[in-house]
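Report on the structure
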Amino acid sequence: QGVPKPFTEVIKANIGDAHAMGQRPITFLRQVTALCLYPELLADPSLPEDAKARARRLLAACGGQSAGAYSASPGIELVRQDVARFLQRRDGVPANANNIFLSTGASDAIVVRLGWGKSSKTGMGPWVLTGTPGLGLLRLDWKPMTSLGPLSWNPKTTGTSGLGLHKVMGWGLPKPNQYWHGAPHYQSPDASSSGQVQSRECIENVIKFAFEEKLFLMADEVYQDNVYAEGSAFHSFKKVLFEMGPPYSEVVELASFHSISKGFMGECGFRGGYVEVVNMDPEVQQQLVKLVSVRLCPPVPGQILLDAVVDPPQPGDPSYERFMTVRDGMGCCGTGQDESQASTEAPLQHMAASPATSVGPNHPLHPLFVLPAGHMHGAELICVPQAQGQTPDMFFCMKLLEETGICVVPGSGFGQREGTFHFRMTILPPTEKLQVLLEKLSNFYAKFVKEYS
């Protein structure tokens, strides 16, 4: 409203929108998409032949050979087959295109999955067992049954195995009956709400727990390309499930989600992703097909871009060297120490040393989100925001925005330990801007603590 502010720009550290933060799109992905959307470009000699070949193949699979036509409700059959081949290469486990449903990003697929859990007798949605901190959409739209306890920001939890499962193993969850039909358990192997990566041991324990309690597993795997820390690796729930063998691999029901919005792609605006279901009851899967059909189809441009992601250029292709150089330059896909990772490590080390952004012993393992443990205690701090109708973490975030132009997210939207407060921030801004952000944040924090505690 024209009121002068003590900053010249708003630094958005509140959402994982890589391109909005300056990340450049991958050329090959955009070329294939552009060729499909404007086929006249197929005659352009400046565009590589492998991108043109992909575009022709995809257009042939579209109705009327046009990206403007509806696709089949589960997605273009060709793209689903390519996703299945991608999963088989990744996990070494057979994948069937009939078990793959393309979606408008991972979030929409998760909402759809929760929708099929409604009881025909009560009309109520399923109970959801989720981690804390957990995915915001679950906490906004669904009442969790309970939580698995704090993840990375709990200073008493160490490393990548501290899921807190020991707290729920002996609780004796409600048994399915005519009104309660099981509890989908949402769990992210990359802990996207907290910047941590689950260990294989942790995933095995989750699978065993799901088996014993007859839970449906939901694995958010959208950050599988964003694993950076030495000694840390992405483990898909499906791969671990099948490597554990019977009875787990034959019984445990699983839905795993992926998206083009994260990873090295960062194509949030195209809205594309998929869900693969494993061991789902055939009758239930038929109902899923019907439910998906009501939603017509995911955006075809997003499906096209997804196909280019799961079927990238191969050695010998004209686009291969450039694609790999750009992708690996982002430090994604487990490429190890490189210039991009080194540039990320410096600000992370600064964050670990700063009281404003202390992440405790759990160093962020994928640099998109971190959950600094809030040292926001004290009666005065709690009373002041409550008197203004705000939670302490929201109060902190609003003051930070008003005084510095830094936009972060209060932890109350994700769940937090009683008596503690934190905020979540992305570390996607360019390194030079991130360093400015951290300096401003540290100065603000010192001032804030002095004033309110």
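The rules behind the values
Residues numbered from 1 in each chain as written. Predicted model: local features only at pLDDT ≥ 70, side-chain atom pairs only at ≥ 80, totals over all residues. Heavy atoms only, no water. Helix = DSSP H or I, 4+ residues; strand = E, 2+ residues; numbered from the N terminus. Buried < 20%, exposed > 50% of the residue type's maximum accessible area, 1.4 Å probe, protein only. Phe/Tyr/Trp six-rings, centres within 6.5 Å; stacked < 30°, edge-to-face > 60°. Pairing = 2+ DSSP bridges. Salt bridge = Lys/Arg side-chain N within 4 Å of Asp/Glu carboxyl O. pLDDT = per-residue confidence, 0-100. Contact = heavy atoms within 4.5 Å.

**Focus: unusual backbone geometry**
Each neighbour pair has its own omega, and for Pro246 with Pro247 the value is 0 degrees, a cis peptide bond. Inspection of the secondary structure puts Pro247 in the loop between α7 (237–244) and α8 (248–251). The phi angle at Gln65 is positive, at roughly 55 degrees, despite the residue not being glycine. Mapped onto the elements, Gln65 comes out in the loop between α2 (49–60) and α3 (77–91). Given a relative accessible area of 55%, Gln65 falls into the exposed group.

**Some details on the packing of aromatic side chains**
Evaluated as defined, the whole model comprises eight aromatic pairs. For the pair Phe28 and Phe323, a centre-to-centre distance of 6.3 Å together with 75 degrees between the ring planes defines the contact as edge-to-face. Within this pair, whereas Phe28 is found in helix α1 (residues 27–37), its partner Phe323 is found in helix α11 (residues 320–329), the two being separated by 295 residues in sequence. One exposure class covers both Phe28 and Phe323, and it is buried. Aromatic rings pair up to connect Phe395, Phe396, Phe423, Phe444 and Phe448 into one cluster.

**Topic: the pairing of strand β8 (residues 273–278)**
Across the six residues of β8, six count as buried, placing the element largely inside the fold. With four bridges connecting them, strand β2 (residues 100–103) and β8 associate as antiparallel partners. Residue pairing for β8: Ile100 is matched across the bridge by Glu276. Sheet topology note: the strand β7 (residues 254–259)/β8 ladder contains six bridges and is antiparallel. Residue pairing for β8: Phe257 is matched across the bridge by Val275.

**A short note on the pattern of salt bridges**
The tally for this structure, following the rule as stated, stands at 16 salt bridges. Arg54 is the salt-bridge partner of Asp311, the closest N and O atoms lying 3.8 Å from each other. Here Arg54 lies in helix α2 and Asp311 lies in the loop between α10 (300–310) and α11, a separation of 257 residues in the sequence. With respect to burial, Asp311 and Arg54 carry one shared label: buried.

**A short note on the confidence of the model for the protein chain**
Looking at the protein chain, the pLDDT average stands at 74 and 64% of residues meet or exceed 70. Across residues 141–191, where pLDDT falls below 50, the model places 158 contacts with residues more than four positions away in sequence or in other chains.

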